[in-house]
Amino acid sequence: MTRWNDRFRVLTWNIHAGIGPDRKYDLDRVINLIRQHEPDIIALQEVDSRGRSHALPLETLKTALGHHAAEARTIVAPDGHYGHVLMSRWPMRTTMLHDLSVNRREPRFAIEANVGLPDGALTVIATHLGLGYAECQQQVARLVDIIARLEGRVILMGDFNDWHRLLRRAMRPLLPGRSNLKTFPARYPVLELDGLYWRPAEAAIGWWLDPAGRQSSDHLPVLADFSMTEMA
């Protein structure tokens, strides 16, 4: 990290399997945009290795970005797998997968990681929630149970598909900090599907989108800077 010692940066992005609006698979576009921002913690959704016999996406991302990583494989097929990943510049002391799946719907997980920041531990949870109301309702309830037992500083990041604002209402007393940015569709964003929640609320220095992400995905990436001093 080359910015300053007291700050760290996070990024969450649904990369649409590395396929841009031109319908071409190009993971280099994703990697190049991420590198420009130098994030310390990264959550990526819709990472898809199916049909990619060479240079699997997760390995390519890890090699290019040089991070410790944990993955949630939500769909496993004979020719690869699909899911989401969490990467960190700093070691993950422990990781855990929480099954958020709802019957007859696409499997969903949350990755929980205890990340060893230079000044102590940070709990990061990365997820990709479902689309349906009842499905999301159950998944939000499970996230509430997970977060309610946590102590100290926490960041929740991912593609929440929070069409009905269920997560927003549930997180208000638990993680009062929220990025309030419209990320989808990338070309003309009108929906706040992707983002971050955190505590303590005053730890965030700022959060923003990178519009250049529309060249690589149908979602825009969300970034935020945090103060380690305020986080502590």
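Anything mentioned here points back to the structure above.
Overview of the structure. What you are looking at is a predicted structure, and each value in this text was computed from that prediction instead of being measured.

The rules behind these values
- Residues numbered from 1 in each chain as written.
- Predicted model: local features only at pLDDT ≥ 70, side-chain atom pairs only at ≥ 80, totals over all residues.
- Heavy atoms only, no water.
- Salt bridge = Lys/Arg side-chain N within 4 Å of Asp/Glu carboxyl O.
- Helix = DSSP H or I, 4+ residues; strand = E, 2+ residues; numbered from the N terminus.
- Buried < 20%, exposed > 50% of the residue type's maximum accessible area, 1.4 Å probe, protein only.
- Contact = heavy atoms within 4.5 Å.
- Expected span 1.5 Å × (residues − 1).
- Polar contact = N/O pair within 3.5 Å; in protein donor to acceptor, adjacent residues only side chain to side chain.

Concerning the pattern of salt bridges
Then comes step 1: For the coordinates displayed, the defined rule picks out 11 salt bridges.
Then comes step 2: With a closest N to O distance of 2.8 Å, Arg 29 and Asp 22 form a salt bridge.
Then comes step 3: When the shortest N-O distance is used, the salt bridge between Arg 89 and Asp 40 registers 2.6 Å. A residue pair is termed long-range when its members are at least 10 positions apart, and Arg 89 in the loop between β4 (80–88) and β5 (92–99) and Asp 40 in the loop between α1 (27–37) and β2 (41–48) qualify at 49 residues.
Then comes step 4: For Arg 89, a relative accessible area of 29% gives the class partly exposed.
Then comes step 5: Judged by relative accessible area, which is 0%, Asp 40 ranks as buried.
Then comes step 6: Each of Asp 22, Asp 26 and Arg 29 takes part in salt bridges that share partners, so that together they form one network.

Observations concerning unusual backbone geometry
Then comes step 1: Of note, the bond from Phe 184 into Pro 185 is cis; its omega dihedral lies within 30 degrees of zero at -10°.
Then comes step 2: With respect to the element layout, Pro 185 can be found in the loop between β9 (177–178) and β10 (194–199).
Then comes step 3: The step from Arg 199 to Pro 200 runs through a cis peptide bond, and the omega angle for that step is 0°.
Then comes step 4: Relative to the helices and strands, Pro 200 resides in the loop between β10 and β11 (204–209).
Then comes step 5: Even without a glycine there, the phi angle at His 16 is positive, about 55°.
Then comes step 6: Within the element layout of this structure, His 16 appears in the loop between β1 (7–14) and α1.
Then comes step 7: By relative accessible area, which is 29% here, His 16 ends up partly exposed.
Then comes step 8: The phi dihedral of Glu 46 falls on the positive side, at around 60°, and the residue is not glycine.

Points about the environment of Val 140
Then comes step 1: Note on placement: Val 140 falls in helix α3 (residues 133–148).
Then comes step 2: Sequence-wise, Val 140 and Leu 167 are 27 residues apart; in three dimensions their C-alpha atoms are separated by 5.8 Å.
Then comes step 3: Apart from residues lying up to four places away in sequence, Val 140 is in contact with Leu 129, Leu 166, Leu 167 and Ala 170.

Some thoughts on α3
Then comes step 1: For α3, which comprises 16 residues, the first-to-last C-alpha distance of 22 Å matches the rise-based estimate of 22 Å (1.5 Å per residue) to within 8%.
Then comes step 2: Contacts made by the buried residues of α3 are with β5, β6 (109–117), β7 (120–128), β8 (154–159), α4 (166–171) and β10.

Let's talk about the side chain of Arg 108
Then comes step 1: Along the chain, Arg 108 falls in the loop between β5 and β6.
Then comes step 2: Relative accessible area serves as the criterion here: at 7%, Arg 108 is assigned to the buried category.
Then comes step 3: At a separation of 3.4 Å, a polar atom in the side chain of Arg 108 contacts the main-chain carbonyl oxygen of Leu 129.
Then comes step 4: Discounting chain neighbours no more than four positions away, the residues touching Arg 108 are Thr 74, His 98, Asp 99, Leu 100, Ser 101, His 128, Leu 129, Gly 130, Glu 135 and Gln 139.

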